Amino acid sequence: MSELMRHPGVMRRAQDELRSVLNGKPTVAEEDLEGDAGNYLKLVIKETLRLHPPAPLLVPRASMEPCKVLGYDVPKGATVLVNAWAIGRDPRYWEHAEEFRPERFEGATVDFKGMDFEFIPFGAGRRICPGILFAQANMELLLASLLYHFDWEVVASGLELDMAEEMGMTVRRKNDLRLHPIVRVPPLQSVP
Ligand code: HEM
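Residues numbered from 1 in each chain as written. Predicted model: local features only at pLDDT ≥ 70, side-chain atom pairs only at ≥ 80, totals over all residues. Heavy atoms only, no water.

Here we look at a nonpolar patch on the surface
On the surface, L57, L81 and M167 cluster together to form a nonpolar patch covering roughly 280 Å² of accessible area. Following the sequence through the fold, M167 ends up in the loop between β6 (165–166) and β7 (172–173). (Patch = residues over 30% accessible without salt bridge, like charges linked within 9 Å, V, L, I, M, F, W, Y side chains within 5 Å. Areas by Shrake-Rupley, 256 points an atom, 1.4 Å probe, with all protein chains shown as cover. Salt bridge = Lys/Arg side-chain N within 4 Å of Asp/Glu carboxyl O. Helix = DSSP H or I, 4+ residues; strand = E, 2+ residues; numbered from the N terminus.)

Laid out in structure tokens, this is it:
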């Protein structure tokens, strides 16, 4: 939602897509997002996971064998952290790496299922997140509902949106995002 508030064109495209395909339907259901209604929304979620992976260092690993990585010796048993956050912003793999551009995934096969090592918000390999599909369904349904039913306005507008993050078990916004919802679907006058 923070990136969408900073990129009104992206917000509008995602809302237009949902509203035109769902065409006044009273609620959004999971199956509604299987077709065209959720295409752009899914790109928005991918781009958000690229720039803001909730687990930026994944989960610590231990090296099973001594090995060399980029000329460095990694002894057996060493704790290894994989910086998925930095990989997702590496200009060797991403054009305009710091910019929020969901369109970069349009027509591209790169996905977060652990096969594309430049994009690993859920990790990769045998300890990859087993909750990917559950997480994906949750993110899609929640975000689709927020965007389909409401327009959004920043409470303290005029200032640049604060994007400070706070590290914990996972990374989240440091300060709450305060927004006004404006009901759009169903239109207010039709609510009993
Ligand atoms: C956007 C949401 C989520 C993200 C970004 C995420 C990310 C991750 C990451 C990065 C790992 C470590 C993978 C690795 O080190 O290679 C992980 C592990 C794990 N995740 Fe998730 N996760 C999410 C949601 C969920 C959900 C919804 C569940 C359960 C319903 C879940 C269950 C787990 C479990 C059990 C592990 C440990 C797997 C193991 O060590 O074998 N995650 N997750």
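Next comes the rest of the description.
Here's the deal with the nonpolar core
The nonpolar side chains of soluble globular proteins are, as a tendency, buried together. Judged by nonpolar contacts, the single largest core of 34 residues is most densely connected at L4, L18, L41, V44, F119, L143 and L147. The leading source of residues in this core is helix α3 (residues 39–51), at 7 residues. Discounting residues that sit within four places of it in the chain, L41 has contacts with E17, L18, E140, L143, A144 and L147. (Core = buried A, V, L, I, M, F, W, Y, C linked by side-chain atoms within 4.5 Å. Buried < 20%, exposed > 50% of the residue type's maximum accessible area, 1.4 Å probe, protein only. Contact = heavy atoms within 4.5 Å.)

Focus on the layout of surface pockets
In this approach the atoms are scanned with a rolling probe the size of a water molecule, which exposes any empty space left behind. Size it by volume and the largest pocket reaches roughly 720 Å³. For the largest pocket, the lining is made up of 23 residues, of which M1, S2, T48, H52 and R173 are closest to its centre. Of all elements in the fold, only α1 (2–6), α3, α5 (132–149) and β7 reach the threshold of two or more residues within the lining of the largest pocket. Per element, the largest residue contribution to the lining of the largest pocket is 5 residues, and it comes from α5. Taken together, the residues of the lining of the largest pocket break down into 15 nonpolar, 4 polar and 4 charged. Quantified by volume, the second largest pocket comes out at close to 510 Å³. Lining of the second largest pocket is provided by 21 residues; of these, A55, L58, V59, P121 and F122 occupy positions nearest its centre. Split by residue class, the lining of the second largest pocket holds 17 nonpolar, 2 polar and 2 charged. (1 Å grid on protein atoms, 1.4 Å probe; cavity = no way out; pocket = protein on both sides within 12 Å on 5 of 7 lines; lining within 4 Å. Points joined across faces, edges and corners; volume = space filled by probe spheres on them. Nonpolar A, V, L, I, M, F, W, Y, C, P; charged D, E, K, R; others polar.)

Remarks on helix α2 (residues 8–22)
The terminal C-alpha atoms of α2, which comprises 15 residues, lie 21 Å apart, in line with the 21 Å expected from a rise of 1.5 Å per residue. For α2, every residue scored as buried is listed here: V10, M11, A14, Q15, E17, L18, R19 and L22. Elements in contact with the buried residues of α2: α1, α3, α5 and β5 (150–154). (Expected span 1.5 Å × (residues − 1).)

Quick look at the coordination of the iron atom of the ligand
Coordination angles at a metal have ideal targets, namely 109.5 degrees for four tetrahedral donors and 90 or 180 degrees for six octahedral donors. Counting protein donors around the iron atom of the ligand gives one, C129 (SG), at 2.3 Å. Along the chain, the position of C129 falls in the loop between α4 (84–88) and α5. (Donors = N, O, S within 2.8 Å, 3.2 Å for Na, K, Ca; no water.)

Concerning the site of the ligand
With respect to spatial proximity, 16 residues lie near the ligand, and among them R61, P121, G123, R127 and C129 are the closest. In the model, an oxygen atom of the ligand is placed 3.4 Å from a nitrogen or oxygen of the A124 main chain. Within the contact set of the ligand, an oxygen atom lies 2.6 Å away from a side-chain nitrogen or oxygen of R127. Assessed atom by atom at 2 Å from the grid points, the ligand resides in the second largest pocket. The dominant element in the shell around the ligand, judged by the number of residues it contributes, is α5, at 3 residues. (Near = heavy atom within 4 Å. Polar contact = N/O pair within 3.5 Å; in protein donor to acceptor, adjacent residues only side chain to side chain. Sits in = over half its atoms within 2 Å of the grid points.)

Observations regarding empty space enclosed by the protein
The tally for this structure, following the rule as stated, stands at 1 cavity of 30 Å³ or more. L49, R50, P53, A84, G88, E118, F119, I120 and P121 together form the lining of the largest cavity. Looking at the lining of the largest cavity residue by residue, the classes come out as 6 nonpolar, 1 polar and 2 charged.

What to know about the packing of aromatic side chains
What the rule picks out here adds up to 6 aromatic pairs. Ring pairs connect the aromatic residues W94, F105, F112, F119 and F122, which therefore count as one cluster. Sitting above the plane of the W94 ring, R50 keeps its charged end 5.2 Å from the centroid. (Phe/Tyr/Trp six-rings, centres within 6.5 Å; stacked < 30°, edge-to-face > 60°. Lys NZ or Arg CZ within 6 Å of the ring centre and 35° of its normal.)

Interpretation in functional terms is not warranted from these geometric data alone.
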